[in-house]
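Observations on the three-dimensional arrangement
Letter by letter, the chains look like this.
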Amino acid sequence: QVCLPFVPASSSQMTNVLQMLKGKTGKLVDLGSGDGRIVIEAAKRGFHAEGIELNPWLVAFSRFNALRSGVASKTGFYRRDLWKADLSTYDYIVIFGVETMMEPLETKLAREITATNHVLACRYPLPRWTPSEVIGEGIDSVWLYTKDSKVS
Ligand SMILES: C[S@@+](CC[C@H](N)C(=O)[O-])C[C@H]1O[C@@H](n2cnc3c(N)ncnc32)[C@H](O)[C@@H]1O
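Residues numbered from 1 in each chain as written. Predicted model: local features only at pLDDT ≥ 70, side-chain atom pairs only at ≥ 80, totals over all residues. Heavy atoms only, no water.

Note the threshold: UniProt positions are given in the numbering used here, feature names are shortened, and annotations may be inferred rather than shown by experiment.
As annotated in an unreviewed UniProt entry, the protein chain carries the name Methyltransferase domain-containing protein and comes from Capitella teleta. Under the UniProt heading Sequence similarities (unreviewed entry), the note attached to the protein chain is "Belongs to the ANT/ATPSC lysine N-methyltransferase family."

What follows is the structure in structure tokens.
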């Protein structure tokens, strides 16, 4: 399995993710949610937002941050392996991982997402799918994908 280090989203990356989510709502998940910053900001904007994170300290820290930010009831942080999560139940799936995981993730998404799911990839795009929208440049880029992005 691909191992992801904890590198928090930069402020430009956060701005680009939030810009991509503007005017949208529903159920969101951040795969490898780190300190919970994306989940918390999404919850402040009306999403029910969840974080899936392997590191138990980061899960505890995220819950504390959500409480402090007043969005504990709109968030959920789970100590889980993202490769074992069922992604079909989320309207928005956010991923900021490492380049080597994007191909296996693409395969998992191709199996699990339907017409109602959207994927936001930060820093590294899905290698074969065509994004429906791109915001930002270089390492702060965010790509949006839908079911139509899939290579058949
Ligand atoms: C690049 S950081 C991104 C953190 C956060 N999403 C952000 O944008 O600030 C990747 C995170 O994935 C977590 N992680 C690594 N492997 C994982 C796995 N198999 N399942 C869930 N989380 C994982 C790491 O502990 C790390 O916090």
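Once the structure has been displayed, the description carries forward.
1. Thoughts on the overall build of the protein chain
We apply this condition: What counts as a helix is a DSSP run of H or I of at least four residues, what counts as a strand is a run of E of at least two, and both are numbered from the N terminus. Here the radius of gyration uses the C-alpha set of atoms, whereas the globule reference equals 2.2 Å times the residue count to the power 0.38. Working definition: with a 1.4 Å probe on protein chains only, accessible area under 20% of the residue-type maximum means buried, over 50% means exposed, and in between means partly exposed. Surface exposure here means Shrake-Rupley accessible area, sampled with a 1.4 Å probe, where a residue is shielded only by the protein chains that are shown. In summary, the charge assignment counts Lys and Arg as positive and Asp and Glu as negative, without counting His or the chain termini. The atom standing in for a charge is NZ when the residue is Lys, CZ when it is Arg, CG when it is Asp and CD when it is Glu.
The secondary structure content of the protein chain amounts to 4 helices and 7 strands. In the protein chain, the order of α-helices and β-strands from amino to carboxyl end is α-β-α-β-α-β-β-α-β-β-β. In summary, the protein chain has a C-alpha radius of gyration of 14 Å against a globular reference of 15 Å for 152 residues, a match within 12%. By principal-axis analysis of the C-alpha atoms, the protein chain measures approximately 45 × 35 × 30 Å. Among the 152 residues that make up the protein chain, the fraction classed as buried is 49%. Here the protein chain has roughly 7600 Å² of accessible surface; of this, 52% comes from carbon and sulfur atoms. Mean positive and mean negative side-chain charge positions of the protein chain (18 and 16 charges, respectively) differ by 6 Å.

2. Regarding the nonpolar core
What tends to happen in soluble globular proteins is that the nonpolar side chains get buried as a cluster. For the record, the criterion: Only buried Ala, Val, Leu, Ile, Met, Phe, Trp, Tyr and Cys residues count toward a nonpolar core, and they belong to the same one when joined by side-chain atoms within 4.5 Å. In this analysis, two residues are considered to be in contact whenever any of their non-hydrogen atoms come within 4.5 Å of each other.
Ranked by size, the top nonpolar core spans 26 residues in total, and within it Val 17, Leu 21, Leu 28, Phe 47, Ala 49 and Leu 120 carry the most contacts. For this core, the elements supplying multiple residues, two or more each, are α1 (11-21), α2 (37-44), α3 (56-68), β4 (92-95), β5 (118-122) and β7 (142-145). Val 17 has contacts with Ile 38, Leu 120, Cys 122 and Val 142, leaving out every residue within four places of it along the chain. If you look at the next biggest cluster of nonpolar residues, it comprises 22 residues, including Val 98, Ala 121, Leu 126 and Trp 143.

3. Observations regarding the pairing of β7
For clarity, the threshold we go by: A pair of strands counts as paired when DSSP detects no fewer than two bridges linking them.
Residues Val 142 and Leu 144 line one face of β7 and the alternating positions Trp 143 and Tyr 145 line the opposite face, and both faces are buried. As defined by bridge partners, β5 adjoins β7 across 4 bridges and the pair is classed as antiparallel. Within β7, the residue paired with Leu 120 across the bridge is Leu 144. Of the pairings in the sheet, the one linking strand β6 (residues 133-135) to β7 comprises 3 bridges and is antiparallel in character. Of the residues in β7, the one forming a bridge with Glu 133 is Leu 144.

4. A look at α2
Every buried residue of α2 is listed here: Ile 38, Val 39, Ile 40, Ala 42 and Ala 43. Buried positions along α2 lie against α1, β1 (27-31), β2 (48-53), α3, β3 (75-79) and β4. Where α2 terminates, the next one or two residues include Gly 46, which has phi positive at roughly 100°.

5. Things to note about the site of the ligand
Stated formally: Being near a molecule or strand, for a residue, means having at least one of its heavy atoms within 4 Å of it. N or O atoms closer than or at 3.5 Å make up a polar contact, with two conditions inside protein: a donor-capable atom paired with an acceptor-capable one, and, for residues adjacent in sequence, both atoms drawn from side chains. Think of a 1 Å grid over the protein atoms and nothing else: a 1.4 Å probe that fits but is trapped marks a cavity, an open set flanked by protein within 12 Å on at least five of seven lines marks a pocket, and residues with an atom within 4 Å of a point count as lining. Whether a molecule sits in a cavity or pocket is decided by its atoms, more than half of which must lie within 2 Å of the grid points.
Around the ligand lies a shell of 21 residues, among which Ala 9, Asp 30, Gly 32, Glu 53 and Leu 82 are the nearest. For the ligand, a nitrogen atom lies 2.7 Å from a polar atom in the backbone of Gly 32. For the ligand, the accessible surface in isolation is 600 Å², of which the surrounding protein chains cover 95%. In this structure, the ligand is accommodated by the largest pocket. Broken down by secondary-structure element, the contributors of at least two residues to the shell around the ligand are α2 and β2.

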